[in-house]
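# Commentary on secondary and tertiary structure
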Amino acid sequence: MSLISAPHFRPEDSVRKIMLTTCAALLPGIAIYAWLIVPAILTQLLIASAAALAGEALMLKMRGKPLGLFLTDGSALLTAWLIALTFPPLSPWWLIVTGTLFAIIITKHLFGGLGQNVFNPAMMAFAVCIVAFPALMSQWPSPGLQLSFADQNRIIFGLSPLLDSIAGATPLDALKTALKREGTIGVPELLQNRQIYGALAGRGWEWVSSAYLLGGLFLLQRRIITWHAPVAFIVSLAALAGLLWWFDPSRFASPLFHLFAGGATIGAFFVITDPITGCATPRGQLIFGAIVGLLDYLIRVFGGYPDGVAFAVILMNIAAPLIDALTQPPVFGMKGKSP
Amino acid sequence: MMSKLKSDRPLYRFNGGVHPPGYKEQSTREPIAIAPLPQRLIVPLHQSIGGTPRPLVKPGDRVLKGQLIGAADGWISSTVHAPTSGIVRDIALHVQPHPSGLSALSVLIDVDGKEEWSERNPPDYASLTPDDIRRLIQQAGIVGLGGAVFPTHGKLTPSAKFPMEDLVINGGECEPYMTCDDMIMRERAEGIVRGAAIFRDLMQPKRVMIAIEDNKPEAIAAMRAAVQAVGEPFEVVPVPTLYPAGCAKQLIRVLTGKEVPVSRRSTDLGAQCFNVATAYSAWRAVCFGEPMISRVVTLTGNVGRAHNVEALFGTPIEELIALAEPKPDTDGILVGGPMMGFLAPDTAAPIVKSTNCLIAHSPDLFPPRAPEMPCIRCGECARVCPQDLQPYELYRFARARNFGKAQEYHLFDCIECGSCAYVCSSHIPLVHYFLFAKSEIWAREREKKAADQARDRFQAKQKREEREKAEKAEKLAKAAAAQAAKKAAEAANLGALDPEAAKKAAIAAAQERAQAQRAAAQPKNTEALTAGQQQEIAEIDARRAQAGVDHPESSS
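For the structure given in this document, a descriptive report is provided here. (Residues numbered from 1 in each chain as written. Chains lettered and ligands numbered in written order. Predicted model: local features only at pLDDT ≥ 70, side-chain atom pairs only at ≥ 80, totals over all residues. Heavy atoms only, no water.)

Another aspect to go through is unusual backbone geometry. Residues and elements named next belong to chain B. Residue Pro244 is reached from Tyr243 by a cis peptide bond, and omega for that bond is 0°. Positive phi outside glycine occurs at Arg377, with the angle close to 55°. Even without glycine at this site, Asp388 takes up a positive phi of about 60°. Owing to a relative accessible area of 8%, Asp388 belongs among the buried residues under this scheme. (Buried < 20%, exposed > 50% of the residue type's maximum accessible area, 1.4 Å probe, protein only.)

Here you go:
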């Protein structure tokens, strides 16, 4: 009874519950990833988690914060998992560690720790690493890779080299490069190559994306996130993709391809829904999600990077406070009047 | 007896709201009991919004039950009556049932146990004018018993500009644990209906609605039966149970779709709202001449015998809660409900008109709040806010002491219902921050007002002093000039006649100059004089100077 303040009772909700539920919602995606792409993703998740918790503990200690309370809040773990899931799964261990420590130490704690960071830590890790180590960040496992779990781990820990034969681009990047190189061959012909592109948007990857979508619906059902940002993101990405596809289907992939390729679904449900760095008002979330969707498409199709979610999110993180300030809903009794 | 729990009329909804567990069943098993007379009553004079009533008794006076002991101080002020007969022991500061634990002027009465009533004159209702009734209600000390304790007579005048449409009798009672309104509706339904009829007569609304949350089926049935028995065309409307549907503004919204902004009166939108217990008390006052001296209080929480009692105002909290047999691990008493109430800083404080519920507090029933985490802007607080505010933004501004921005984000629209803090996943006591910001803003406004007044005073003083200085200098200059001219003329006259006289005149002139210099150098205590006084002094000085010339012998 140290603080005498109403209300005097409350339900058992907590930051930890929000963070850990979000982690749990990633599990289907992780399972499909490990099954269809590479099981080594589990190693990367472990490395990232360990690095994140170590970085978090170090910073909490330096900042004089209670270790027990904040280390177990689940926020560092969620950041770590998002980093592991967005980095190439066979990248060397130190790349994941560098990205994770950058996210935790610089993006999160130097900005004031939990709740105070301006940028999404996981997206900052991705952006920093793709700028600093562009080659490493573009080496994805070739489709249908035949490599034992032990061998995959040997690559991660630098015990055997990552050969060109087992590394390649993401389906999204592969499509872009192919269109540039071939010039004459259109998208429909390229997508015939089921070996790379699978049935929809990348062999195996389309199922990982679907599993993220499933996890996102779970978060919606649990009221951890609201529909606004994800729906706005999906609609704007699909609309822009659809427009260009309708305009020239030989040069532009279908909206469905774009929704299931790259980081679209994990971005829609797990990144742009980050309450700390995103918008908080419903209208703000719609605007935030819609612009991230447009930017993502522009960067992934016309830009130099294989995917655009990270840069689009970081750009919009800067704009989020302004969007929030401009989209304040009218208060009780003031509807229909200027707030 | 099953009663229909769905409203016949279309209802509206307000945004947000929360569903805390009710815990109401435990205190509705027994009928309302009458609390035994305490030995001593502590009756605070200030028990309502508005001016503090003036004490009408002095130590040693014998008072009768229902006797006026505090007179209203203005129109928005209420009256206070002796809850029972006894001797006034003292009129002194006594600790109040307020989170601050501050003391206020109270009439301390030694109860004589005779329960001797003062004269009650039930008036002839039919002969009363609306103004008579409003005065009667004020004289009976009727204030809103829902918790806001606004003087009821002040709410009984319809707006001159807007037609009165909806009169709402509020039996919502959305706070968990609290059942005093529920029990009053079950047991005294007819009185409530008759009280509502008095309000109806004064307000002339198009319709009267008695709104009750649908978790009180017994109360709904009782009120429906009473409406039928009395034969009034009132509607008993079950409303969905959703905290804080019992707040006047939210209830008006649910029933009528009208949203009353904080800055406006609900009568401006043709609606008005009264608590059921207020209606009952108004009926007792107008038709029986009984002033408000007691109320029904819920005693519940960590107790062996949760129930409702009719308690006299002034009964100490500790004596009253004892009736419910608190369990040994009780570590405090909550005054009000768990959503908006506060822990009594001192249980010697009395029951007052706003005290609707006492809850024995224990660590098991009310576990200590988990440690506060940083806000992650999850937005749940905004989704449950019934006033459509953004509590996470208000919290950010309050914490940063950015009070201007907090006001811009409508801090003063907050009704302190506690829904935001209830759902906060970071366990932030949000309402606490808002109360802090509000009190800081009020304190600053008071300071600013005081500073403005001081500055105005200082500037006025400076202006006056400058003006006086200028006036004085002008006078002196004029007088000196007049003197000089006179002397010059005299000297000319005298010099022509007699060189001795001329010499005398020269000496006198020198003396005069010296005097003038002295006067200029030492203004004595003449700084704060009015212009009239200045003029007088100047004239006297001038006369003196003149006298010196006319009678040089006398001065030497």
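Mapping Ala477 of chain B onto the fold places it in helix α12 (residues 430–497). The spacing of Ala477 of chain B and Ala189 of chain B is 288 residues in sequence and 87 Å in space, taken between C-alpha atoms. (Helix = DSSP H or I, 4+ residues; strand = E, 2+ residues; numbered from the N terminus.)

Further remarks concern the interface of chain A and chain B. Listed by partner, the interface residues are 38 residues for chain A and 56 residues for chain B. Note on chain A versus chain B: buried area summed over both sides is about 4,000 Å², and carbon and sulfur give 63% of it. Viewed at the interface, chain B and chain A are joined by 2 salt bridges. Linking chain A with chain B are 8 residue pairs in polar contact (both at pLDDT 80 or more). Of all the secondary structure elements, the ones that give two or more residues to the side of chain A that touches chain B are α1 (15–37), α3 (67–71) and α16 (309–326) of chain A. (Contact = heavy atoms within 4.5 Å. Buried area = accessible area lost by both parts, 1.4 Å probe. Salt bridge = Lys/Arg side-chain N within 4 Å of Asp/Glu carboxyl O. Polar contact = N/O pair within 3.5 Å; in protein donor to acceptor, adjacent residues only side chain to side chain.)

As enumerated under the stated definition, the model contains 41 salt bridges over all chains in all. Note that Arg300 of chain A and Asp307 of chain A form a salt bridge whose closest N and O atoms lie 3.1 Å from each other. Given the relative accessible area of 2%, Arg300 of chain A is considered buried. On the basis of relative accessible area, Asp307 of chain A is assigned to the buried category, the value being 12%. Two residues, Glu165 of chain B and Lys206 of chain B, come together in a salt bridge whose shortest N-O distance is 3.5 Å. With Glu165 of chain B in the loop between α1 (130–139) and β9 (166–171) and Lys206 of chain B in the loop between α3 (189–203) and β10 (207–213), the pair connects residues that are 41 residues apart, well separated along the chain. The exposure class of Glu165 of chain B is partly exposed, given its relative accessible area of 21%.

Attention shifts here to helix α7 (residues 149–156) of chain A. All names here are of chain A. The complete set of buried residues in α7 reads Gln152, Asn153, Ile155 and Ile156. The arc that holds every buried residue of α7, seen down its axis, measures 155°, which confines them to one face. Positive backbone phi, at 75°, marks Gly158, one or two positions downstream of α7. (Arc of directions from axis to C-beta.)

Moving on, we come to the side chain of Arg253 of chain B. Along the chain, Arg253 of chain B falls in helix α5 (residues 248–256). Assessed through its relative accessible area of 18%, Arg253 of chain B is described here as buried. Among all residues touching Arg253 of chain B, those that are not within four sequence positions of it are Phe332 of chain A together with Tyr12, Arg13, Phe14, Lys258 and Glu259 of chain B.

Another point: the packing of helix α5 (residues 93–108) of chain A against helix α6 (residues 121–132) of chain A. Residues and elements named next belong to chain A. Direction vectors running N to C along α5 and α6 enclose 130°, while the axes themselves pass 8 Å from each other. With respect to α6, the element α5 is oriented oblique. Classified by chirality, the crossing of α6 by α5 is right-handed. Along the contact surface, α5 presents Leu95, Gly99, Phe102, Ala103 and Thr107, while α6 presents Pro121, Met124, Ala125, Val128 and Cys129. (Axes fitted to C-alpha atoms, helices over the stretch in contact; angles between N-to-C directions. Parallel < 35°, antiparallel > 145°, perpendicular 65-115°, else oblique. Left-handed = near helix turned anticlockwise from the far one by under 90°.)

Moving on: the sheet that holds β10 of chain B. Residues and elements named next belong to chain B. One open sheet accounts for 4 strands, arranged β11-β10-β9-β12; its pairing is parallel. Unpaired on one side and paired on the other, β11 (235–239) and β12 (271–275) mark the two borders of the sheet. Across the sheet, the axes of successive neighbouring strands diverge by a mean angle of 25°, strand direction being ignored. The sheet contact formed by β10 and β11 spans 5 bridges and is parallel. Within the sheet, the bridge partner assigned to Ile212 lies in β11 and is Pro238. (Pairing = 2+ DSSP bridges.)

Spatial relationships are all this shows, so hold off on functional conclusions.
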